[in-house]
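Structure at a glance
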Amino acid sequence: MSEVQVSGAGGRRRRGAGGGGRGRVRGRGGRRWLAGVFLLPALVLLGALVGYPIVFSVVRSLFDASGDGFVGLDNYGAMFSDEGIRTALRNNVIWLVVAPTVSTVLGLVFAVLTERIRWGTAFKLVVFMPMAISMLAAGIIFRLVYDQAPERGVANAVWVGVHDTFADPAPFPGARPRPRAGLEASGGGAFTTGSAVRAGSPVLLPLVAVQPDDLRGARAAAVARPQPGKVTGTAWLDFTRGGGGRPKVIDGNEKALAGLRVEAVRGGRVVASATTAADGSFALPAGRADGARLRLPAANFAEAYRGVDWLGPALVTPAIIGSYVWMWAGFAMVLIAAGLAGVPRELLEAARVDGAGEWQVFRRITVPLLAPVLVVVLVTLMINVLKIFDLVYIIAPGSSVRSANVLALQLFQSSFGTDVDEGLGSAIAVFLLLLVLPVMYVNLRRLRKERRR
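First things first, this report covers the structure right here in the doc. Every value quoted in this text rests on a predicted model; they were computed, and no experiment measured them. Residue positions are counted from 1 within each chain, in the order its sequence is given. Per-residue local features are limited, in this predicted model, to residues with pLDDT of at least 70; the limit for side-chain atom pairs, both in listing and counting, is 80 or more; totals at the level of whole chains, interfaces and linings are taken over all residues. Side-chain figures throughout are based on the complete set of non-hydrogen atoms in the structure, without hydrogens or water.

1. What about empty space enclosed by the protein?
Note the threshold: Think of a 1 Å grid over just the protein atoms. A cavity is a set of points where a 1.4 Å probe fits yet cannot get out, a pocket is an open set with protein on both sides within 12 Å along at least five of seven lines, and lining residues have an atom within 4 Å of a point. Grid points are joined across faces, edges and corners, and a volume is the space filled by probe spheres set on the points. Numbered from the N terminus, helices here are DSSP runs of H or I no shorter than four residues, and strands are runs of E no shorter than two. In the scheme used here, Gly and all other residues not listed as nonpolar or charged are polar, with Ala, Val, Leu, Ile, Met, Phe, Trp, Tyr, Cys and Pro taken as nonpolar and Asp, Glu, Lys and Arg as charged.
Enumeration according to the criterion identifies 1 cavity of 30 Å³ or more in this entry. Of all the elements in the fold, those that place two or more residues in the lining of the largest cavity are α2 (74-81) and α3 (83-113). Counting residues per element, the lining of the largest cavity draws most heavily on α3, which supplies 3 residues. Here the lining of the largest cavity is built from residues that sort into 6 nonpolar, no polar and 1 charged.

Written as structure tokens, this is what we have:
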């Protein structure tokens, strides 16, 4: 009797358990259906904004520019045979390697150093502030920063200032001898007298095309007088304001050219040199200069140093990468600083107590503990760099666009530029997507590992 009851009770338990299981299955099915209903609008929107454009781009890349003729993979072949696209691909590799790495390293350095200073918060605010600026505004700012003219471009203003601190500028840039005045071009921007000079016969060196700013405070030119044992002469601006002056003659109001270097050359060697005085006169020892020719070296007339051509074909890509780092180093710093706040201070203090130096603590403890955050920053910036377009489009001038080209800019030019070829543009878009996928895969794997932890 008890066995039957136990059996019956067990049977009832089994039946109860079975009924409860079917209830849970029905409950899970209901919840999945309800979750699907709530996710449906998002899935439809995702399909319309992401899925459909991807499929359309893949299909469109298999047709010609008109969209009527099927060309298969010809657009992909044309993409790799085009010199402009190969330049864009090479520049993308440079961007992918340099920009995220430099931004992450600077962000790490800033995050670590700002922990040790009182005004660290203010510094972080200043470094992060460029993130509040749009790419368009940043591009306009750096287009002005890299302007070739030192009076407008900040970069060249600083560069020229440093250069001129250590190098003397030419006294009369752009000046040249008056035609048929006895001075002939001798190569490299220098000018030499056509005949040998003699002591007792003053040499006249008339110049023209002197800039008015270079004559501020200049005295009137004086005719050099013969001196015993000297070869003398005068260098002056052979130009009378208002006209009426005589060529190759020092008229009363014509200005002296002070600070001009004059060299006596014999057999290709400089045997004597002098600098013109305030009245334009000079004197050379006759023992060396008599019978030699006088030369005005090119250093007298060299154009003023104008700085570096930041947006020229050679430097345009590094210059634009610099503007990108200016914007995104703050982003990297903020994320790394947040990760640094979670690093156990006991480990750092224990390492210091054990005798580790600050560099060892940073390299062996801080960086390994921050590795997950560093990977997040690096991957995020790599994805961002592959899509870079705005800065290149705005900063690079027309003469350097081909040298600064990147895939996103080439995609825009091929799809909407002067030579529209939507088939080629779609092929570039698909190729760009394929480049992003490995980085996305790495990011997804990292997220899955973090969830397992």
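2. Thoughts on the packing of helix α11 (residues 371-386) against helix α15 (residues 422-452)
How two helices pack is summed up by the angle between their axes together with the distance between the axes. Short version of the rule: Lines fitted to C-alpha atoms define the axes here, with helix axes fitted over just the stretch in contact, and angles between the N-to-C directions of these axes take values from 0 to 180 degrees. Here is the rule for angles: anything less than 35 degrees is roughly parallel, anything more than 145 is roughly antiparallel, 65 through 115 is roughly perpendicular, and the remaining ranges are oblique. Note on convention: the crossing is left-handed when the near helix lies turned anticlockwise from the far helix by less than a right angle, right-handed when the turn is clockwise. The criterion used for residue contact is that any of the two residues' heavy atoms lie within 4.5 Å.
It is at 10 Å that the axes of α11 and α15 come closest, and there the two elements cross at 160°. By the criterion of interaxial angle, the relationship of α11 to α15 is roughly antiparallel. Remark: the crossing between α11 and α15 carries left-handed chirality. Contacts between α11 and α15 involve P372, V375, V376, V379, M382, I383 and L386 from the former and L432, L435, V436, V439, M440, N443, R446 and E450 from the latter. Tallied by class, the residues present in the contact of α11 with α15 amount to 12 nonpolar, 1 polar and 2 charged.

3. Regarding unusual backbone geometry
Let me state the cut-off plainly: For every residue, the accessible area obtained with a 1.4 Å probe (protein chains only) is divided by the maximum for its type, and the residue is called buried under 20%, exposed over 50%, and partly exposed between those limits.
Phi at R180 takes a positive value of approximately 55°, unusual for a residue other than glycine. In this structure, R180 sits in the loop between β1 (176-177) and β2 (183-185). Positive phi is not limited to glycine here, since A209 has a value of about 65°. Here A209 lies in the loop between β4 (203-208) and β5 (230-237). With a relative accessible area of 30%, A209 lands in the partly exposed category.

4. What to know about a nonpolar patch on the surface
Here is the rule: Surface patches are drawn from residues lacking salt bridges whose relative accessible area is over 30%; two like charges belong together within 9 Å, two nonpolar side chains (Val, Leu, Ile, Met, Phe, Trp, Tyr) within 5 Å. Residue burial considers only the protein chains on display, and all accessible areas are found by Shrake-Rupley using a 1.4 Å probe. Each reported salt bridge corresponds to a side-chain nitrogen of Lys or Arg within 4 Å of a carboxyl oxygen of Asp or Glu.
A cluster of nonpolar side chains, namely L39, L43, L45, L46, L49, V50, I54, V58, L433, L434 and L437, defines an oily patch on the protein surface of about 970 Å² accessible area. Where the nonpolar patch is concerned, the elements lending two or more residues are α1 (2-60) and α15. Broken down by element, the residue count for the nonpolar patch peaks at 8 residues, all from α1. When its relative accessible area of 31% is taken as the criterion, L433 is described as partly exposed.

5. Focus on the layout of surface pockets
As a volume, the largest pocket reaches approximately 330 Å³. In terms of lining, the largest pocket is formed by V210, P212, L215, A218, L237, F239, T240, R241, N253, E254 and K255. Of the residues in the lining of the largest pocket, the class split is 6 nonpolar, 2 polar and 3 charged.

6. Some thoughts on the pattern of salt bridges
Summed over all chains, the structure comprises 13 salt bridges. For the salt bridge of R86 with E83, the shortest nitrogen-to-oxygen distance reads 2.6 Å. In this pair, R86 and E83 are both assigned in helix α3, 3 residues apart and thus about one turn of the helix distant. Between D238 and R178 there is a salt bridge, with the nearest N and O atoms lying 2.7 Å from each other. Taken as a pair, D238 in the loop between β5 and β6 (261-266) and R178 in the loop between β1 and β2 lie far apart in primary sequence, 60 residues in all. The exposure class of D238 is buried, given its relative accessible area of 2%. Note on R178: relative accessible area 23%, which makes it partly exposed. Within the structure, one salt-bridge network assembled from shared partners comprises R261, E263 and R295.

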